[in-house]
Amino acid sequence: MTPTPRPWVPSHAPQGAFIDDAGYWASAACPTDGGERALFTVRRTAPRTASFPTTAQLAYVKQALRIFATRAAQAHGCAAPKVP
């Protein structure tokens, strides 16, 4: 039986948003024998009772993830990351 794809789980998709809207992930292929991918995440640490982030705040978080993942992937000889 083929497992059901879960696009909100980092092992099932190269990029995306966590199901609880608490953050995002990105990944990059790295030059290893096993074909591993580097995983970059950013998660919300505010309590669940806090107000939901604004559109501008979410855009800032995505941009920060994009910049960090790109720089880290380059520094480690990995491919350009796939980012949300």
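Please read all numbers here as calculations on a predicted model, not as lab measurements. (Residues numbered from 1 in each chain as written. Predicted model: local features only at pLDDT ≥ 70, side-chain atom pairs only at ≥ 80, totals over all residues. Heavy atoms only, no water.)

**Student:** Whenever I open this one, the sheet that holds strand β2 (residues 23-29) confuses me. Can you help?
**Tutor:** Strand pairing in a sheet is mediated by backbone hydrogen bonds. Such pairs are either parallel or antiparallel. Ordered in space as β1-β2-β3, the 3 strands form an open sheet in which the pairing is antiparallel. Each of the sheet's edge strands pairs with one partner strand only, and the pair in question is β1 (16-17) and β3 (37-43). With 2 bridges connecting them, β1 and β2 associate as antiparallel partners. Paired with Ala 17 across the two strands is Tyr 24, which belongs to β2. (Pairing = 2+ DSSP bridges. Helix = DSSP H or I, 4+ residues; strand = E, 2+ residues; numbered from the N terminus.)

**Student:** Teacher, can you tell me more about helix α1 (residues 55-75) here?
**Tutor:** At 3.6 residues per turn, the α-helix brings residues three or four places apart onto the same side. Taking 1.5 Å of rise per residue, the 21 residues of α1 would be expected to cover 30 Å, and the 30 Å separating its terminal C-alpha atoms lies within 8% of that figure. All of the buried residues along α1 are Leu 58, Leu 65, Ala 69, Ala 72 and Ala 73. Taken around the axis of α1, the buried residues stretch over an arc of 95 degrees, which confines them to a single face. Across from the buried face of α1, at angles greater than 90 degrees, the exposed residues are Ala 56, Tyr 60, Arg 71, Gln 74 and Ala 75. Where α1 is buried, its residues contact β2 and β3. Phi turns positive one or two residues past the end of α1, at Gly 77, with a value near 75 degrees. (Expected span 1.5 Å × (residues − 1). Buried < 20%, exposed > 50% of the residue type's maximum accessible area, 1.4 Å probe, protein only. Arc of directions from axis to C-beta. Contact = heavy atoms within 4.5 Å.)

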